Amino acid sequence: MVHVLVAGSLFFPGLFLLSKAGLRRLRIFRGDESNTIIVSARLVSSIQAVLASYTDYHIYYTHTIYPCFSPRHWLAATYTRFAVPYFIYDIYAMYLCYGHKHRLKGHSGGWHLARAYLHKEFLMVLHHVFMVAVCFPVSVLWREGRGDFFLGCMLMAEVSTPFVCLGKILIQYKKQHTLLHRVNGVLMLVSFFCCRLLLFPYMYWVYGQRVGLPLYRVPFNLSPEYNLGAAILMAPQVYWFYLICRRAYTLFRQSVLSQRPKNGQPAPGSTSAKEPDCSQ
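Residues numbered from 1 in each chain as written. Predicted model: local features only at pLDDT ≥ 70, side-chain atom pairs only at ≥ 80, totals over all residues. Heavy atoms only, no water.

- Per an unreviewed UniProt entry, the protein chain goes by the name Ceramide synthase and belongs to Xenopus tropicalis.
- Word for word, the UniProt comment on the protein chain under Subcellular location (unreviewed entry) is "Membrane". (UniProt positions renumbered as here; feature names shortened; annotations may be inferred.)

## With respect to the nonpolar core
Phase 1: One finds F12, F16, A41, V44, Y79, Y86 and Y89 to be the most contacted residues of the largest nonpolar core, which totals 18 residues.
Phase 2: Elements with a contribution of two residues or more to this core: α1 (2–24), α2 (33–65) and α3 (74–104).
Phase 3: Of the residues forming this core, the biggest block, 8 residues, is contributed by α3.
Phase 4: Discounting residues that sit within four places of it in the chain, Y79 has contacts with Q48, L51, A52, T55 and L155.
Phase 5: Core analysis: the second largest hydrophobic core is formed by 16 residues, C195, L199, F200 and L222 among them. (Core = buried A, V, L, I, M, F, W, Y, C linked by side-chain atoms within 4.5 Å. Buried < 20%, exposed > 50% of the residue type's maximum accessible area, 1.4 Å probe, protein only. Helix = DSSP H or I, 4+ residues; strand = E, 2+ residues; numbered from the N terminus. Contact = heavy atoms within 4.5 Å.)

## Considering the side chain of N184
Phase 1: For N184, the location among the structural elements is in helix α8 (residues 179–197).
Phase 2: The class of N184 is buried, set by a relative accessible area of 4%.
Phase 3: Separated by 2.9 Å, the side chain of N184 and the backbone oxygen of F163 make a polar contact.
Phase 4: Other than its neighbours up to four places away in sequence, N184 contacts F163, L166 and G167. (Polar contact = N/O pair within 3.5 Å; in protein donor to acceptor, adjacent residues only side chain to side chain.)

Following this line, the structure appears as C-alpha cells:
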C-alpha cells in the first residue's frame, strides 16, 4: 500500500510542475505566471478525472461480464490509494490558483489570503478532507475487499471534471459567449447530473435488483451509516449543480438580452454585473 501512496504523492505534484514547465514554452503563457499555474492545475485535475473514469469503466466492465459484486478487482483498492495524495495536492493547488488571482487584484498575501481562500473554497476543501480522512480508510480498510462495484461507481463522478475545468478556463479567458463554451456547458450539465446526482439512486437501484427490493425500500434495508455516507457525499453535488445551473441561466439570459433589438438597433453584447465562478 505504501508504494502506491508514494507513487501518487510523486505523480500529481510532478505532473503539475511538468505542465507548468511545458506551458511556459508556449507563446500565449510566456511571462504569465498566474494563468500558467491555473491552467496547469486544471490540466492535472482533468488527467486525474480521466484516470478515475478509466478505472471505473474497467471495474464496471468486469462486473458486467461476471456476477455483480462477486469478483474483486485489483484497480479498486489500488487506484483509491494512488488518488488519495491528489486530494491533498489539490487543496494546495487551489490555494495557489486563488492566491495568484487575489494578488493580481492588488491584495496582500499571508494569513488574510489563507483565510479568504478557506472562506471561498470551504465546501471544496471540506470535501477533499472528507475524502482523505473518511472515504480512504473506509474504502481501503473497513470494507474488507467488498463492494468493488460500488467503489467503481463512485469514481464515475469524475467524468464531469474535464468539462468543469474547461469551463473555468474559458471563463478565465472571457470566452463565456463562444460556441465552445456553450457546447461544453451542455456536456458539463448532462455529465454532472448523470454521473454525480443520478449516481446514488443508480447504486441503490442496482443493490435493490441484487437483493430483490424495489428502489424505494432499499434505504430502509441498509444500515444507517450507509445512508448517512451517501447523503454526505451527495449534498455538495446538489449544491454545486445548483450553482452550475444558475451560472448557465445567467449566461443564457445575457445572450437573449444581447440579441434583443433596442431602439431599432441590435443591443451590444454587454454583460451584467460580474458573476462569480460558480463551477465546481
